[in-house]
Amino acid sequence: MSTLARLNATDFAVPAAVEKIRSRSMVVGVGGAVLALIGYVTAPDQFFRAYLLAFMLWLGVSLGSLGLLIIIHLTNGRWGLVIRRILEAAAKNFWFMAILFVPLCAGIPHLYPWASAAARSENEGLRWIHDVYLDPTQYIVRGLIYFAIWGGLTYFFTKWSAEQDTEGNRSHSRSGALAGPGALLFGFTVTFSAVDWVMSLSYSWTSTIYGLIFLIGQLLSAISLATIVAVILARYEPMKSILNIDHLHDYGKWMLAFTMVWAYFSFSQWVIMWAGNLPEEIVWYRMRLHGGWQYFSLFVALFTFVFPFIRLLSAQLKKDKSTLVTTACWLFIMRYFDLYWQVMPNFENKAGFYFHWLNLVVPVSMGGFWLALFFRNLQGRGLLPLYAPLTTSVLEPAHE
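Residues numbered from 1 in each chain as written. Predicted model: local features only at pLDDT ≥ 70, side-chain atom pairs only at ≥ 80, totals over all residues. Heavy atoms only, no water.

1. Examining the packing of aromatic side chains
Rules: Note on ring pairs: Phe, Tyr and Trp rings are taken, using the six-membered ring of Trp, and paired if centres are within 6.5 Å. Classes follow the plane angle, with under 30 degrees stacked, over 60 edge-to-face and the rest tilted. For helices the rule is a DSSP run of H or I covering at least 4 residues; for strands it is a run of E covering at least 2, with both sets numbered from the N terminus onward. Each residue is assigned to one of three classes by its accessible area relative to the maximum for its type, calculated with a 1.4 Å probe on protein chains only: buried under 20%, partly exposed between the two thresholds, exposed over 50%. We count a charge as sitting over a ring when the NZ of a lysine or the CZ of an arginine lies within 6 Å of the ring centre and within 35 degrees of the ring normal.
Applying the stated criterion across every chain, the model contains 52 aromatic pairs. On the basis of an interplanar angle of 50 degrees and a centroid distance of 6.1 Å, the ring pair of Tyr-336 and Tyr-340 is categorised as tilted. Separated by 4 residues within a single helix, Tyr-336 and Tyr-340 lie in helix H16 (residues 321-343), roughly one turn from each other. Of the two residues, Tyr-336 and Tyr-340, both sit in the buried class. Each member of the aromatic cluster is reached from another via a ring pair, and the members are Trp-293, Phe-296, Phe-299, Phe-303, Phe-307, Trp-330, Tyr-336, Phe-337, Tyr-340, Phe-353 and Phe-355. The ring of Tyr-133 carries the charged tip of Arg-142 above its face, separated from the ring centre by 3.7 Å. Over the aromatic face of Trp-341 sits the side chain of Arg-288, whose NZ or CZ is 5.4 Å from the ring centroid.

2. Some words on the packing of helix H14 (residues 293-312) against H16
Threshold: Interaxial angle, 0 to 180 degrees, is taken between N-to-C directions of lines fitted to C-alpha atoms, where a helix line uses only the stretch in contact. Convention used here: angles under 35 degrees read as roughly parallel, angles over 145 as roughly antiparallel, angles from 65 to 115 as roughly perpendicular, and any remaining angle as oblique. By the definition used in this description, the sense in which the near helix is turned from the far one sets the handedness, with an anticlockwise turn below a right angle giving left-handed and a clockwise turn giving right-handed. Contact criterion: two residues are considered in contact whenever any of their non-hydrogen atoms come within 4.5 Å of each other. Each residue gets one label: Ala, Val, Leu, Ile, Met, Phe, Trp, Tyr, Cys and Pro are nonpolar, Asp, Glu, Lys and Arg are charged, and the others, such as Gly, are polar.
Contact geometry for H14 and H16: axes closest at 10 Å, N-to-C directions at 155 degrees. In terms of orientation, H14 lies roughly antiparallel with respect to H16. In the crossing of H14 with H16, the sense of the turn from one axis to the other is left-handed. Side by side, H14 and H16 meet where Trp-293, Phe-296, Ser-297, Phe-299, Val-300, Phe-303, Thr-304, Phe-307, Pro-308, Arg-311 and Leu-312 of the first sit next to Thr-323, Leu-324, Thr-326, Thr-327, Trp-330, Leu-331, Met-334, Phe-337, Asp-338, Tyr-340 and Trp-341 of the second. Of the residues contributing to the contact of H14 with H16, the split by class is 15 nonpolar, 5 polar and 2 charged.

As structure tokens, this is what we get:
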């Protein structure tokens, strides 16, 4: 008798403990929103800077989850089936981030120098950039196009995944067919969104690898969060019987790979520009290597790459739940600091490095709402698609 013949969708139900986590996340979101509203009234410029930081952090988790879904459907690995529903729940939060894009559009005059008519009147190069590419209307239209593409990919991947809870469907092959062109669309849209929303803060500086640095960082944040959630769910059935050390080892290897690629892209960008020594290129790094930012830059380099790299080299540590979760939590936190390093030095501050309380409150508040919606999405389906091609191979060792 096969494993699936003895199971039904209720056997993969999300444990009741998730509801408590969801409720607490919502409380954090609401409490933080009250403080953020106070910050908006008292310091609107600083609020929108913090808002951009928070937006890129949590949008990155949703986009990274979508990117991992594409990889899963391209590779068809057993490791991906175990966390696929977690990634789908995270990717489905794209509509929440699409709503949060509206306040970001309202903050354009507070964030971007190319939106200032006075600045354009004094700078011919800025005026040309504004006329050709960077103006509020094009910024908004392109943003809507990005979200439409991300939403379409998420819709089909999650819809066809839901169909695998019923016997006899062609959703597996359709998802695989979509994954190829989806990867191209995903790469292009993530690259252009990073240019529009973050790189344009320093409008005179350009980098051809900038979007890829964001893309790999998003994948890193997504695999980190998926690992954390999977281990939390493994305290209860059914994930307790599903998740094993081989899965943990795979997730650790993905973290190591993404960490190394992030470091490679980041270092390549720096060394090429520094060796070229062109004023219009090195100015972006100069503002991050003076006024106290040099210490922050060293902190980001050491603890986003060196520290996790050393921990993840060991196969035994990658198979240990507590060690792997600790590393995943650290990598997720470091995504915040990396984005802080990308965003905040672009704003003039003669005192050098600075930290405003809104830069913590707004990301935490947005994260509270994001997690509440994420766990609600997770509760909507079983933790495994019952009739996915690899479900039997994942379950047989646990049940027989």
